[in-house]
Each structure stands twice: as structure tokens, then as C-alpha cells.
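If you want the building blocks of each chain, they are given just below.
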Amino acid sequence: MLINVARTSLRTKVHAELADLLTEHVVDAVLAIHKPDEPIDLHMVEIMEMQHKTDMDTKLVHGIVMDHGARHPDMAKRTENPFILTCNVSLEYEKSEVNSGFFYKSAAEREQLVKAERAFTDQKVQKIIDFKKQVCEGTDKGFVVINQKGIDPLSLDMLAKEGIVALRRAKRRNMERLSLACGGMAMNSLEDITPECLGEAGLVWEYVLGEDKYTFVEECKNPLSVTLVIKGPNKHTLTQIKDAIHDGLRAVKNAIEDGSVVPGAGAFEVAAHAELMKYKETVKGRTRLGVVAYATALLIIPKTLAVNSGLDPQETIVKLQEEYATASQPVGLNLTTGEALLPVDCGIVDNFRVKKQLLHSCTVIASNLLLVDEVMRAGMSSLKG
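Reference entry: report on the structure contained in this document. Keep in mind that what you see is a predicted model, and the values were worked out from it rather than measured. (Residues numbered from 1 in each chain as written. Predicted model: local features only at pLDDT ≥ 70, side-chain atom pairs only at ≥ 80, totals over all residues. Heavy atoms only, no water.)

## As for the overall build of the protein chain
Put simply, the test is: Helix numbering and strand numbering both begin at the N terminus, where a helix is a DSSP run of H or I of at least 4 residues and a strand a DSSP run of E of at least 2. Each radius of gyration is computed over the set of C-alpha atoms, and the globule rule expresses the reference value as 2.2 Å times the number of residues to the power 0.38. For each residue, the accessible area found with a 1.4 Å probe, counting protein chains only, is set against the maximum for its type, and the residue is called buried under 20%, exposed over 50%, and partly exposed in between. Between two residues, a contact is recorded if the distance between any of their heavy atoms is within 4.5 Å.
Helix and strand counts for the protein chain come out as 11 helices and 15 strands. Here the C-alpha atoms of the protein chain give a radius of gyration of 31 Å, more than 25% beyond the 21 Å that 2.2 N^0.38 yields for 385 residues. When the backbone C-alpha atoms are referred to their principal axes, the protein chain occupies close to 105 × 60 × 40 Å. Residues classed as buried in the protein chain amount to 41% of the 385 residues present. In the protein chain, once contacts between residues fewer than 6 apart in sequence are set aside, the share between residues at least 24 apart is 73%.

Shown next as C-alpha cells:
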């Protein structure tokens, strides 16, 4: 049913072949981040754009894709079964926060100061190297460090010599998602570092596209954050797919939270019109006119579907009403043939809360418009007086 909801939403925005491809990716993405008895946070689905290849190459990565790579030429471009250390620790020389000076009498004293400053950073890097040897000894696992702060060239060189892949200046949102995708936790200090702080992934590899680098952290075991990599030949295609995916994700989320769906293809509006016409017989006076007007307004949806498909709207509405009267179940419009169909059997369904909000908004807007007329009429009569 979730696939039907996503497909119905996506096919209104992109061509059918692409919509069918995106449908599976969108549903898998929402189910991956869905935790029982907790609200679904769609921000845990990262959308990464790559202007490359065709729109049919769009794919779902069960992990994280970052828009930067390692900054050292000797670091591995592909690491299998690595441990992943996510941290927020400065591994570069920093100036002091207060204005301070150092006076020295000889070049030897200056060299001593430089060594002391460098040793402070080198000690932190050495801790990571020692920790890597501790957890990776006797295994074929790699080691990847993803740091939110900077790593200077000397530190990168030390890490590269030990076979450690290091990424610096990762975005804060990626740090949060990495912990959810790979496990482990982000460390703000190297003092309390333990093997339980590490995450794991099946594969970490770097992809270079022109001047841009992308790092893929893939094959995570139970990722609670995933990435949809959108590909397309131009910016317009990427924007179109991104908008479609946003709507698809929201549709699947709504369906899960509602626990119910509504038949699409204009079926709900035809059925509601028929029921309102029955209800009209139970009311008296001017109210009957209001019920008829409301029921007629609902038919705008199937009429618009017919017009957009090049069909005759009046003939189409008559067909649908006749079919609904005989079938006694919701029937919608087949846009290809102009005949009636059973939308649920064809997988055409809409979100319950969207229909509910639509009816509520229409009523409120119409009431406000009528209120404006009343206010203007009252103002005119006071002017005459």
C-alpha cells in the first residue's frame, strides 16, 4: 500500500518509468528511518545532488554520502569493513584565544617553543593512531576518521602513514547522521575513547566528479539515516526529481501516520457527491441549496482530470455517476480510456489527511470570502446613511 501511495504521488510529477524507480527508493528510505512509536523525522533522509549521467541512475544509499573527500594523496580511495571514528576534536595548530607574546633570546629557544606547540597536536594524533592499532590488530578491518574540525597537513601525513583515512571539516548535520547510520557516537574528546564509540560500515569509498569529491559510507547494518543520490544531466532535471522525492517522502510518512488511505482518481469526490445528494433529502429550506452547491463543487476534481486528459467532462461525470450507482463501491477515472476503473485495484490512492485538510481549507476559505462580502455590504450601507 505504501508503494501505491508513493507511486500515485510521484507519477504526477515525473515520467512513469522514473516514478516507478523512485517509488521503491522513497518507500525503502522512510521504512529505514522509521522507529516504532516515534514520529518519523524526514531530515534523516539526506538528498545529495550529482549532475552526472541520467535521471534513471538515481539510487538509494543505505548510509551517508558526503560532498567532500580525504585531503591527502596517499590515503586509500576505497576501504572495506572499516571502523569509523566520528569526532569533534581540533587536530591542527591553533592560536591562543588571548593576546599573548613569547620572548626568546636565541634560535634554540624559538625551536623549543615550536616543538612544544607541535607536540600538543601530535599527542592527540598519536592517541588516534594507538587506538587504531589496538582495535584493528589481528583483523583486516580499515580505520576511518571523520572530524568536524580541522586536521592540518602534518597530522594528515601522520595518519596516512598508518593507513588511516581522515576527512576533515565534516558538516554538523552529517556528524549527527553518521552516528545513526553507522552506530557509535561522536566524540568531543580523545580522553575517554573506547571501542564502543566506534561505528562500522561495509564500504567507504571516494568518488571524484570533475573538481568535486564525494565520500560514500555504504552497507551499514541497521542504518537509521540514509541518502538518496539524485543524478541527472542538468540542473532542471535535478530540481524536478528533488521536488518529486520531497512529495513522495511526505506522502509515505502521512500514510504510515494515518494508518489509512483514500481511493484516488476522483473516486472519493464522486462518492461524496452521491452521498451528499442523498443527505439533501433529509434537510429542508435554503440549506438544501447549500448541500447541492457543495456536492457540485466536489466534482471539479474529476472534471479537471477529464479536461487535462482531453476527455469530455460532462460525459465523463455522467459515466462515473452511473458506474458508482451500479457498482456500490468507489470508482475513479481512467485517464487513458475515459472509462471508469476501481482505483484501489489499480493502486491509485491518496493520503487521508490531505483530503481532510483540502475539505477543511475549502470550507474555511469560502466562509472568509463570504464574510468579506458581508463586511463590504455593511460598509456601503453605513456610507449611504
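## Points about the sheet that holds strand 8 (residues 199-200)
Basically, it comes down to this: Two strands pair under a simple rule: DSSP has to find at least two bridges between them. To get an axis, fit a line to the C-alpha atoms, keeping to the stretch in contact for a helix; angles then go from 0 to 180 degrees between the N-to-C directions.
Taken together, four strands build an open sheet; the order of strands is 7-6-5-8 and the sheet is mixed. Whereas interior strands pair on both sides, the edge strands pair on one side only; in this sheet they are strand 7 (165-167) and strand 8. Of the strands in this sheet, strand 5 (83-87) and strand 6 (143-147) are in contact with helix 3 (residues 107-136), which crosses strand 6 at around 140°. Against the sheet, helix 5 (residues 172-182) engages strand 5, strand 6 and strand 8, with an angle of about 150° to strand 5.

## Comments concerning the nonpolar core
Definition in use: Among the buried residues, those of types Ala, Val, Leu, Ile, Met, Phe, Trp, Tyr and Cys that are joined through side-chain atoms within 4.5 Å form a nonpolar core.
If you look at the biggest cluster of nonpolar residues, it comprises 42 residues, and the most contacted ones within it are Ile-128, Phe-143, Ile-146, Leu-159 and Val-217. Mapped onto this core, the elements with two or more residues apiece are strand 3 (64-66), strand 5, helix 3, strand 6, helix 4 (153-161), strand 7 and helix 5. Broken down by element, the residue count for this core peaks at six residues, all from helix 3. Apart from the residues lying within four places of it in its own chain, the contact partners of Leu-159 are Met-75, Val-125, Ile-128, Ile-129, Ile-151, Ile-164 and Ala-166. In this structure, Ala-29, Leu-42, Leu-60 and Val-226 belong to the second largest nonpolar core, which totals 27 residues.

## Considering the packing of aromatic side chains
Spelled out, the test is: Think of it this way: a Phe, Tyr or Trp ring, Trp meaning its six-membered ring, pairs with another when their centres are within 6.5 Å, and the plane angle makes it stacked under 30 degrees, edge-to-face over 60, tilted otherwise. Note on criteria: charge over ring means Lys NZ or Arg CZ within 6 Å of the ring centre, with the direction from the centre no more than 35 degrees off the ring normal.
Scanning all chains against the criterion turns up three aromatic pairs. Where Phe-131 meets Phe-143, the ring centres are 6.2 Å apart and the plane angle is 80°; that geometry is what we call edge-to-face. Taken together, the residues Phe-131 in helix 3 and Phe-143 in strand 6 connect sequence positions 12 residues apart. Residue classification places Phe-143 among the buried positions, given a relative accessible area of 0%. Taken together, a centroid distance of 6.0 Å and an interplanar angle of 80° make the contact between Trp-205 and Tyr-207 edge-to-face. Here Tyr-207 falls in the partly exposed class, since its relative accessible area comes to 21%. Aromatic rings pair up to connect Trp-205, Tyr-207 and Phe-216 into one cluster. One Lys or Arg, Lys-141, reaches over the ring of Phe-83 and ends 5.1 Å from the middle of that ring.

## Remarks on the sheet that holds strand 1 (residues 45-51)
In spatial order, the strands read 1-11-2; together these three strands make up an open sheet with mixed pairing. In the strand order of this sheet, the two ends are held by strand 1 and strand 2 (59-61), each with one partner. Strand-to-strand, the axes of this sheet are offset by a mean angle of 25°, without reference to chain direction. Examined bridge by bridge, strand 1 and strand 11 (residues 226-232) share seven bridges and lie parallel to one another. Paired with Met-48 across the strands is Val-229, a residue of strand 11.

## Some words on helix 3
Stated precisely, the cut-off is as follows: Here a helix's expected span is defined as the number of its residues, less one, multiplied by 1.5 Å. At every residue, the bend is computed as the angle between two fitted axes, covering the seven residues ending there and the seven beginning there respectively.
In this model, helix 3 (30 residues) spans 42 Å end to end at C-alpha, consistent with the 44 Å of a helix rising 1.5 Å per residue. Of all the bends in helix 3, the greatest measures close to 25° and is centred on Ala-119. Among the residues of helix 3, Arg-118, Thr-121, Lys-124, Val-125, Ile-128, Ile-129, Phe-131, Lys-132, Val-135 and Cys-136 are the ones counted as buried. Residues of helix 3 that are buried make contact with strand 5, strand 6 and helix 4. Directly after helix 3, the chain includes Gly-138, whose backbone phi takes a positive value near 80°.

## Examining the packing of helix 1 (residues 2-10) against helix 2 (residues 16-33)
Filter applied, for reference: The cut-offs work like this: below 35 degrees is roughly parallel, past 145 is roughly antiparallel, 65 to 115 is roughly perpendicular, and the gaps in between are oblique. Crossing handedness: left-handed means the near helix sits turned counterclockwise from the far one by under a right angle, and right-handed means the same turn made clockwise. Put simply, Ala, Val, Leu, Ile, Met, Phe, Trp, Tyr, Cys and Pro go in the nonpolar bin, Asp, Glu, Lys and Arg in the charged bin, and everything else, Gly too, in the polar bin.
At a minimum axis distance of 9 Å, the contact between helix 1 and helix 2 shows a crossing angle of 130°. In terms of their interaxial angle, helix 1 and helix 2 are classed as oblique. The handedness of the crossing between helix 1 and helix 2 is right-handed. Together, Leu-2, Ile-3, Ala-6, Arg-7 and Leu-10 of helix 1 and Ala-19, Asp-20, Leu-22, Thr-23, Val-26, Val-27 and Leu-31 of helix 2 make up the contact between the two elements. Along the lines of polarity and charge, the residues of the contact of helix 1 with helix 2 split into nine nonpolar, one polar and two charged.

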